[in-house]
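Secondary and tertiary structure notes
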Amino acid sequence: MSNILPCWLQRWLLSLLSLLLCIMTTGCWSAYEIQQVDYAKAIGIEYKDGMYHIYVQTLDFSSIAKTDNSGKTAESPPIWVGHAQGKTMSLAMNELWRASQLHIAWGHVTAIVMAESVLNNQHIKDVFDMLGRFPEARYTTWVYGTREPLLDILSTASIYNLSPLDSILHNPLPSYMENSLFAPVLSFELIAKHNDPATTTYLPVIALNKDLWLQNKKEHDLFLIEGAYFERMGEKFNFLSRDELSGYHWLIKGMRRAPLLVQKNGVIYGALSVGLPTIKVEPIIRGEKVTFRIDAKYLTALYEYLVPMTYDEMTQVSEDTLKEQIMETYRNGLKRGVDVYGLQEKLYRKNPKLWHKLSGDGENLILTEDSIETLNIHLTIPYTGKYKRKV
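Residues numbered from 1 in each chain as written. Predicted model: local features only at pLDDT ≥ 70, side-chain atom pairs only at ≥ 80, totals over all residues. Heavy atoms only, no water.

Test applied: UniProt positions are given in the numbering used here, feature names are shortened, and annotations may be inferred rather than shown by experiment.
In the annotation of an unreviewed UniProt entry, the protein is listed under the name Germination protein, Ger(X)C family and assigned to Paenibacillus polysaccharolyticus. Here is the UniProt Sequence similarities (unreviewed entry) comment for the protein, exactly as written: "Belongs to the GerABKC lipoprotein family."

**Details of the overall build of the protein**
Operational definition: Each helix is a run of H or I in the DSSP string that is no shorter than four residues. Each strand is a run of E no shorter than two, and both are numbered from the N terminus. For each residue, the accessible area found with a 1.4 Å probe, counting protein chains only, is set against the maximum for its type, and the residue is called buried under 20%, exposed over 50%, and partly exposed in between. Residues count as neighbours in contact if any of their non-hydrogen atoms are within 4.5 Å of one another. Areas reported as accessible are Shrake-Rupley estimates using a 1.4 Å probe. Residue values count occlusion only from the protein chains shown.
Assigned secondary structure in the protein consists of ten helices and 16 strands. Out of the 391 residues in the protein, the part that is buried amounts to 43%. Sequence-distant contacts in the protein: of pairs separated by 6 or more residues, those separated by 24 or more amount to 70%. Entry remark: accessible area of the protein is about 21,900 Å², with carbon and sulfur atoms responsible for 53%.

**Considerations on the sheet that holds strand S14 (residues 267-286)**
Within a beta sheet, neighbouring strands are joined by backbone hydrogen bonds and run either parallel or antiparallel to one another. As a reminder, the rule being used: Any two strands are treated as partners once DSSP identifies two or more bridges connecting them. Note on geometry: axes are C-alpha line fits, over the in-contact stretch for helices, and angles between N-to-C directions span 0 to 180 degrees.
In spatial order, the strands read S13-S14-S15-S16; together these four strands make up an open sheet with mixed pairing. The open sheet terminates on both sides in strands that have one partner only, identified here as strand S13 (257-264) and strand S16 (372-383). Strand-to-strand, the axes of this sheet are offset by a mean angle of 35°, without reference to chain direction. Together, S13, S14, strand S15 (289-305) and S16 form the strand contacts of helix H8 (residues 311-335), whose direction differs from that of S16 by roughly 140°.

**Digging into the packing of helix H9 (residues 343-350) against helix H10 (residues 352-359)**
Note the following rule: These descriptions rest on fixed angle ranges, namely under 35 degrees for roughly parallel, over 145 for roughly antiparallel, 65 to 115 for roughly perpendicular, and the rest for oblique. Polarity classes work like this: nonpolar for Ala, Val, Leu, Ile, Met, Phe, Trp, Tyr, Cys and Pro, charged for Asp, Glu, Lys and Arg, and polar for all others, with Gly in that last group.
Where H9 meets H10, the axes come as close as 5 Å, and the angle between the chain directions of the two elements is 130°. Between H9 and H10, the interaxial angle falls into the category oblique. In this structure, H9 contributes Gln-344, Leu-347, Tyr-348 and Lys-350 to the contact, and H10 contributes Pro-352, Leu-354, Trp-355, His-356 and Leu-358. In the contact of H9 with H10, the residues fall into six nonpolar, two polar and one charged.

**Concerning unusual backbone geometry**
The phi angle at Lys-217 is positive, at roughly 70°, despite the residue not being glycine. Looking at the element boundaries, Lys-217 is found in the loop between strand S9 (214-215) and strand S10 (218-219). Judged by relative accessible area, Lys-217 falls into the exposed class, the value being 80%. The residue Asn-265 is not glycine, and still its phi comes out positive at about 55°. Its location among the elements puts Asn-265 in the loop between S13 and S14. Residue classification places Asn-265 among the exposed residues on the basis of a relative accessible area of 72%.

**Looking at H10**
For clarity, the threshold we go by: Directions from the helix axis toward the C-beta atoms define the arc.
All buried positions along H10 are accounted for by Leu-354, Trp-355 and Ser-359. All buried residues of H10 fall inside an arc of 110° around its axis, so they share one side. Opposite the buried face of H10, by more than 90 degrees, sit the exposed residues Lys-353 and Lys-357. Once H10 finishes, Gly-360 follows within two positions and takes phi at roughly 65°, a positive value.

**Concerning the side chain of Thr-201**
Heads up, the condition is: Contacts described as polar in this section are N or O atom pairs within 3.5 Å, which, within protein, must combine one atom able to donate a hydrogen with one able to accept it, while residues neighboring in sequence count only if both atoms come from side chains.
Here Thr-201 lies in the loop between helix H7 (187-194) and strand S8 (202-209). At 2.7 Å, the side chain of Thr-201 forms a polar contact with the side chain of Glu-231. Setting aside anything within four residues of it in sequence, one finds Thr-201 in contact with Leu-190, Lys-193, His-194, Tyr-229, Phe-230, Glu-231 and Phe-237.

**Some thoughts on the nonpolar core**
Test applied: Working definition of a nonpolar core: buried Ala, Val, Leu, Ile, Met, Phe, Trp, Tyr and Cys residues. They are joined through side-chain atoms within 4.5 Å. Residue ranges for the domains originate in an automatic or database domain assignment.
Judged by nonpolar contacts, the single largest core of 80 residues is most densely connected at Ile-45, Met-114, Phe-230, Trp-250, Leu-272, Tyr-298 and Leu-343. No other element matches the seven residues that H8 contributes to this core. Of the domains in this structure, domain 1 (33-245) and domain 2 (247-390) are the two that each give at least three residues to this core. Each residue touching Met-114, except ones within four places of it in the same chain, is listed here: Ile-45, Leu-119, Ile-124, Val-127, Phe-128, Tyr-144, Gly-145, Thr-146, Leu-190 and Leu-203. Counting 16 residues, the second-largest nonpolar core is a separate cluster that includes Val-113, Ala-115, Leu-169 and Leu-208.

**Description of the packing of aromatic side chains**
Selection rule: Ring geometry is summarised as follows: Phe, Tyr and Trp rings, the Trp one being its six-membered ring, pair when their centres sit within 6.5 Å, and such pairs are stacked at plane angles under 30 degrees, edge-to-face over 60 and tilted between the two.
Overall, the coordinates contain eleven aromatic pairs when judged by the stated rule. Where Phe-230 meets Tyr-248, the ring centres are 5.5 Å apart and the plane angle is 75°; that geometry is what we call edge-to-face. Separated by 18 residues along the polypeptide, Phe-230 in strand S11 (residues 222-231) and Tyr-248 in the loop between strand S12 (237-241) and S13 bring together distant segments of the chain. Pairing Tyr-348 with Trp-355 gives two aromatic rings, centres 4.9 Å apart and planes at 75°, and the pair type is edge-to-face. Among the aromatic residues, those joined into a cluster by ring pairs are Phe-182, Tyr-202, Phe-230, Tyr-248 and Tyr-341.

Next up, the structure:
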């Protein structure tokens, strides 16, 4: 190169190359250090007195990262909750930023909790319209309704001083796999159903319990699902408690397992774990009259056997109990004007023209107490634990 270019030109080219390398390796100028970031993990939304109230749960990096295999610490990780209000959600969020000491990262939100005051057509649409416009927003966050103060919900720590992320609020699947009563819902599922007039929007209700688990004989708030909200034909959401929904989970295809008491004439014979359902719902159309035929099959495990009973009698008693709980839940829904099992959607998929006519484009409930014409339940008990069932 020295034989071709003069020395001054060589130095100029080397300087230019060095400058270009510096420019190409400065892509992190706008990045934040980990310790300079608040990680928003949950958002709570409430509407009262004409104002939106925003609650944001933030965690620092040490609360999210696990320092060892167990993830347990000597003290409960700190939980910070910010609260602000505004006439719109965006104004409330900007008000919150005024006192934010650090940059808030929104791409890690895993839970959205809406108060009962938000759960009507107008406000829930405002919520997802605003959140959907954020570039960092994700549609794979868990969504809940609640009847409790949002500050209490977002300030609750997990068990064993684990990260707050190890709880039903941020990770509901482990609990649901053990007791499949109320399925968790992701935000894209809620939005899809809410925008479809033929479907019933379902939203689990998260609450706090102080009685089921104690820490050194002291009460400690822990999360549980106490019931669900259901949209009533394009109007506001209605709350149904766990007692009112005793049979709801039996007709949910994704159910993993749920307990069933085998009881007849006041005598408890045992307890079953019912799961892995195969469910078929078929609309029966006769002119403009529509009824439904439901066929459901379940695999069951016998985990508690107290009083001898024949296999046929045990399955019959269990099937009758399932039918009774399913119908009771169905009637509880009708009292609130709610299609709990989403039967009308089955008609819409089969005959949309008739559905539009009978429901008034989704404005009216077309179900009655006699709409379930046939309910066939078939239950088998292939597993009896380590012991054989005695007749």
